[in-house]
Each structure stands twice: as structure tokens, then as C-alpha cells.
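# Remarks on the overall topology
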Amino acid sequence: NVHIENRFTMELATRNRRIEKGLELTDGETDVLYDMIGAEGFNSAMEPIEGCDVLKDLSSQYEIFFVTDRHRESKTWVYDRDRWLERVFGSSLADRVVYTKHKYIVQGNLLIEDTPVIAKKWWSHQNSLHNYAEPLLISWQYNVSCGMPTFQSWKDFPTAFGSFLKRFQSHQDVMRLQNFR
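In what follows, the accompanying structure is described. Just so it is clear, the structure is predicted and the values come from calculations on it, not from any experiment. (Residues numbered from 1 in each chain as written. Predicted model: local features only at pLDDT ≥ 70, side-chain atom pairs only at ≥ 80, totals over all residues. Heavy atoms only, no water.)

## Observations regarding the sheet that holds strand β3 (residues 110-113)
Sheets are built from strands paired through backbone hydrogen bonds, the pairs being either parallel or antiparallel. The strand order β3-β4-β5 describes an open sheet built from three strands, whose pairing is parallel. Each edge of the open sheet carries a strand with a single partner, namely β3 and β5 (150-151). Pairing of strand β4 (residues 134-138) with β5, which is carried by two bridges, proceeds in the parallel orientation. Pairing of Ile 138 across the sheet is with Phe 151, part of β5. Most of the contacts of helix α9 (residues 116-128) go to β4, to which it runs at about 165°, and overall it touches β3 and β4. (Pairing = 2+ DSSP bridges. Helix = DSSP H or I, 4+ residues; strand = E, 2+ residues; numbered from the N terminus. Contact = heavy atoms within 4.5 Å. Axes fitted to C-alpha atoms, helices over the stretch in contact; angles between N-to-C directions.)

Next up, the structure:
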């Protein structure tokens, strides 16, 4: 739809968690947008965000899983997402994907997320399991003031990840000392 495409910019689309609100679409335009997003092949044809291949590099040292929801209106979303992951990250990482609307149930030490509500729920669940964990938000206009650690772009991720690792190591050191007593 040319009308929607001409208005689409990342700045507008990321003003609100709901893309249709950020772009100020009418109900009819929203239906067209979600038909486009849900169309076969849309997901597998997306270009990756520059720098996200840092995850492939880190996967040789750390256990990385992709935790994502599926587009409920698309019959091919999961298939297309799997093809996209394989194209961008290779087959070994593409096999490490969990599809769920309930991301908080997946255990881990770090969650890279864009939605503060999901990140907070995950963080709370990890803490209830006595698991040292932190969410790290990729910064968009709608989450910039949420009070959680963020990174601006994938080229900034190694610095944010390094800071997380220092906090994680400090926590591990404290736990070893407490267990030693």
C-alpha cells in the first residue's frame, strides 16, 4: 500500500509500541498493514538491523536463544521467521528459537527485549527463581524512559553486554563467598 509505505519511517513507527499508533493509521490502514505483515514471505524477506550479527559471534562463547512471539494472523510466520533466522544467523542459531507469547517463562540471565512490560515480567519471574537476571532493552522512542538498561543500536550492544557481564561476575563472586561460609 503506497499510502502507508510513504508515511513509514522508523522514527514514526517506533513512537509507540503499536506500530499503527506510531504511524497514526486509520482502522482501514491498520488492517492493510497487518495483512502486509502477515503475508507469506514478509518475515523472511526483512532485512536485519545493522550489527545484530554480533549475536552470531557471541554464540561461540554463550548459550543464546531467540524468544519471540508469532504473528497470529499469518499462517507462514513461524516458517518464514525460521528461514530468516537461518539466513541471518546460520542454521545452528536458527535451531535455538522458542516461540511463545509468554516470554517470562524462559529461564536465562539476560533478555534482550524492546517492550518494558514483557521485560519487567520476565525479570520478576527470574528473580522469583533466585536466578540472577537482567533485561536489556534495545532503545526505541516508546521505551526510552522506562528506567531499565538500554542500548541504542547493535553496534552499542557489546559495551552494554560487557557491563552486564561485570555485574553478573560480581554477583557470582558474592554467591561463592556466601556459600563458602
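Still more to cover.
## Side note on the packing of aromatic side chains
Considering all chains together, one arrives at 11 aromatic pairs under this definition. Centre to centre, the rings of Phe 164 and Phe 168 are 5.9 Å apart; their planes meet at 25°, and the pair counts as stacked. Of the two residues, Phe 164 and Phe 168 are both situated in helix α10 (residues 157-180); the distance of four residues between them amounts to about one turn of the helix. Each member of the aromatic cluster is reached from another via a ring pair, and the members are Tyr 62, Tyr 132, Phe 151, Trp 154, Phe 157, Phe 161, Phe 164 and Phe 168. A cation over a ring is seen here: Arg 81 above Trp 84, with NZ or CZ 5.9 Å from the ring centre. The ring of Tyr 79 is capped by Arg 83, whose NZ or CZ atom sits 4.7 Å from the centre of that ring. (Phe/Tyr/Trp six-rings, centres within 6.5 Å; stacked < 30°, edge-to-face > 60°. Lys NZ or Arg CZ within 6 Å of the ring centre and 35° of its normal.)

## Let's talk about the pattern of salt bridges
Tallied over the full model, the rule gives three salt bridges. A salt bridge links Arg 83 to Glu 86; the nearest nitrogen and oxygen atoms lie 3.5 Å apart. Placement of the pair is Arg 83 and Glu 86 together in helix α7 (residues 77-89), with a separation of three residues, close to one helical turn. Salt-bridge contacts for Glu 113 lead to Lys 103; the nearest nitrogen and oxygen are separated by 2.9 Å. Of this pair, Glu 113 sits in strand β3 while Lys 103 sits in the loop between β2 (97-99) and β3, placing them 10 residues apart in sequence. The exposure class of Glu 113 is buried, given its relative accessible area of 4%. (Salt bridge = Lys/Arg side-chain N within 4 Å of Asp/Glu carboxyl O. Buried < 20%, exposed > 50% of the residue type's maximum accessible area, 1.4 Å probe, protein only.)

## Notes on unusual backbone geometry
Its identity as a non-glycine residue notwithstanding, His 130 has a phi of 60°, on the positive side. Relative to the assigned elements, His 130 resides in the loop between α9 and β4.

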